[in-house]
Amino acid sequence: LSGCVARFIIGPLDVIKIRFQVQLEPIKSAQSAAARHAASKYTGLGQALVTILKEEGIQGLWRGTVPGLLLTVPYTGVQFVALQHAKDTAAKLGLSGNPGWAPIVSLGSGAFAGAAGTIASYPFDLIRTTLAAQGEPKVYKNMFDAAVGITKGKGVRGLYSGLGVTMVEIMPYAALQFGLYDALQSAWKSAQVHYQQRVKGANDSQPSDTRAVNFTCGLLAGLFAKLATHPLDVAKKRYQVAGLQRSLKYGARVDSQFAMKTLQAGIVDIYKREGLSGLWKGSMPSIAKAAPSAAITFSVYEAIIGWMAADELRRANISRSSSSSSSPGTSNSSSQQ
């Protein structure tokens, strides 16, 4: 639920990010009519937004939303279940309570969770990228058409094109995101305790708004994690759309041979052709997307966990209350007999 809410809200930023990432031309605008052939289709976040609206309508900003939402359900669900399982396992092994192991547990749990979520949802991710990147006229009408077309052209393995690169990307990204989230929350709680003890005194302190803290920690964790791993995300998108025959008005196409290259060769190729900035194409919409998405996801997740815990406590109290109220009746009936 938390992932679906976040995915729908940031849908337009996701489309813009993908358009930048699969754009092979260096990002620059045409300064003269003679230079127009070298200009890139999209030159900035605002310009890309206006261009997509003009050429494709408002629905163009939510291209790939359906597979994106379908991807979010297994990805987010499996991710958080795997995260909790990893943390529970670490607790059973006595690692969670050890300050020296705490950062390693957070990073390792995050990496494991990210890998599990990615494997569970990858075909939806590839179809989402394809639909968001294709533009107009459409290469594929919808997600089912895309799934059939990709399978016919590349086999079932085509639905997993770039999975290896994605695993290399998602593990450090998820490790950083969850690790930083836990670290930021711990730092906030520690700072709050020190402040209360030094200034107000523990008895006079006011409880902080945990929703604001969760949102802020999620925002910062998502921002830094995405920025650090963005070059891998650019390479991943190139692998996913390699061979896509979209209109040439969007610029040069990613050749199908790109998918045959190793990750190192792919990154070197991007660097040679597009410079260092090519490895961070789409970083602005990516950060603008990932940071609030992480903040919303963590906030809704914490709210749902809190609601479930409160509901479980309420049920336990009702059960105890029922048991205690039935005991006197049982005693009375026994004494009457």
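Residues numbered from 1 in each chain as written. Predicted model: local features only at pLDDT ≥ 70, side-chain atom pairs only at ≥ 80, totals over all residues. Heavy atoms only, no water.

## Topic: the overall build of the protein chain
- Helix and strand content of the protein chain: ten helices and zero strands.
- Every one of the 337 residues in the protein chain was classed for burial, and the buried ones make up 42%.
- Roughly 17,500 Å² of accessible area belongs to the protein chain as shown, and the carbon and sulfur atoms make up 64% of that amount. (Helix = DSSP H or I, 4+ residues; strand = E, 2+ residues; numbered from the N terminus. Buried < 20%, exposed > 50% of the residue type's maximum accessible area, 1.4 Å probe, protein only. Areas by Shrake-Rupley, 256 points an atom, 1.4 Å probe, with all protein chains shown as cover.)

## What about helix α6 (residues 143–154)?
- Between its first and last C-alpha, α6 extends 16 Å over twelve residues, near the 16 Å set by a 1.5 Å rise per residue.
- Those residues of α6 that fall on the buried side of the exposure criterion are M143, A146 and I150. Buried positions in α6, seen along its axis, are confined to an arc of 55 degrees and lie on one side of it. Within α6, the exposed residues directed more than 90 degrees away from the buried face are F144 and K152.
- Close packing links the buried residues of α6 with α4 (65–92) and α5 (102–134). (Expected span 1.5 Å × (residues − 1). Arc of directions from axis to C-beta. Contact = heavy atoms within 4.5 Å.)

## Overview of the side chain of K17
- Tracing the backbone shows K17 in helix α2 (residues 11–21).
- By relative accessible area, which is 2% here, K17 ends up buried.
- Polar contacts involving the side chain of K17 include one to the side chain of D233, which spans 3.2 Å.
- Once residues lying within four places of it in the same chain are set aside, the contact partners of K17 are D233, K237, G282, P285, S286 and K289. (Polar contact = N/O pair within 3.5 Å; in protein donor to acceptor, adjacent residues only side chain to side chain.)

## A short note on a nonpolar patch on the surface
- Taken together, the side chains of L227, Y271, L276 and W280 define a hydrophobic patch exposed on the protein surface, amounting to about 390 Å² of accessible area.
- Mapped onto the elements of the fold, L276 is located in the loop between α9 (263–274) and α10 (283–336). (Patch = residues over 30% accessible without salt bridge, like charges linked within 9 Å, V, L, I, M, F, W, Y side chains within 5 Å. Salt bridge = Lys/Arg side-chain N within 4 Å of Asp/Glu carboxyl O.)

## Things to note about the packing of aromatic side chains
- Tallied over the entire structure, the rule returns four aromatic pairs.
- Ring centres of Y122 and Y160 lie 6.2 Å apart, and the angle between their planes is 20 degrees; on these two criteria the pair is classed as stacked. Taken together, the positions of Y122 in helix α5 and Y160 in the loop between α6 and α7 (163–200) put the pair 38 residues apart, joining distant regions of the chain.
- Taking the relative accessible area as the measure of exposure, Y122 reaches 1% and is therefore buried.
- Look at Y160 and you get partly exposed, because its relative accessible area is 37%.
- The side chain of K41 reaches across the aromatic face of Y250, ending 5.3 Å from its centre.
- Against the face of Y173 rests K226, its NZ or CZ located 4.6 Å from the ring centre. (Phe/Tyr/Trp six-rings, centres within 6.5 Å; stacked < 30°, edge-to-face > 60°. Lys NZ or Arg CZ within 6 Å of the ring centre and 35° of its normal.)

## A short note on the side chain of D269
- Positionally, D269 belongs in helix α9.
- Residue contacts for D269: discarding those within four places in its chain leaves F258 and K261.

## Remarks on the pattern of salt bridges
- Across all of its chains, the model carries 16 salt bridges by this definition.
- Across the pair D233 and K237 runs a salt bridge whose closest N-O atoms are separated by 3.0 Å. In this pair, D233 and K237 are both assigned in helix α8 (residues 210–241), four residues apart and thus about one turn of the helix distant. Of the two residues, D233 and K237, both sit in the buried class.
- Look at the salt bridges and you will find they share partners, linking D14, K17, D125, R128, E169, D233, K236 and K237 into a network.

## Digging into the confidence of the model for the protein chain
- Chain-level statistics for the protein chain give a pLDDT mean of 81 and a share of 86% at 70 or above.
- Across residues 30–36, confidence stays below pLDDT 50; counting only partners more than four residues off in sequence or on other chains, it has three contacts.
- Low pLDDT, under 50, characterises residues 333–337; the predicted model gives this stretch zero contacts beyond four residues in sequence or across chains. (pLDDT = per-residue confidence, 0-100.)

## Description of α4
- Along its 28 residues, α4 runs 40 Å from first to last C-alpha, staying within 8% of the 40 Å computed at 1.5 Å per residue.
- A positive phi of about 80 degrees marks G94, the residue just after α4.

## Quick word on the environment of S256
- Structurally, S256 can be placed in the loop between α8 and α9.
- Residue class for S256 comes out partly exposed when judged on its relative accessible area of 40%.
- For the pair S256 and V241, spaced 15 residues apart in sequence, the C-alpha to C-alpha distance is 8.2 Å.
- Those residues in contact with S256, other than ones at most four positions away along the chain, are A242 and G243.

## Overview of the packing of α2 against α8
- For the pair α2 and α8, interaxial distance at closest approach is 9 Å and the crossing angle is 80 degrees. When the interaxial angle is binned, α2 and α8 end up roughly perpendicular. Counted together, K17, I18 and Q21 of α2 and H230, D233, V234, K237 and R238 of α8 form the full contact between these two elements.
- Tallied by class, residues from the contact of α2 with α8 come to two nonpolar, two polar and four charged. (Axes fitted to C-alpha atoms, helices over the stretch in contact; angles between N-to-C directions. Parallel < 35°, antiparallel > 145°, perpendicular 65-115°, else oblique. Nonpolar A, V, L, I, M, F, W, Y, C, P; charged D, E, K, R; others polar.)

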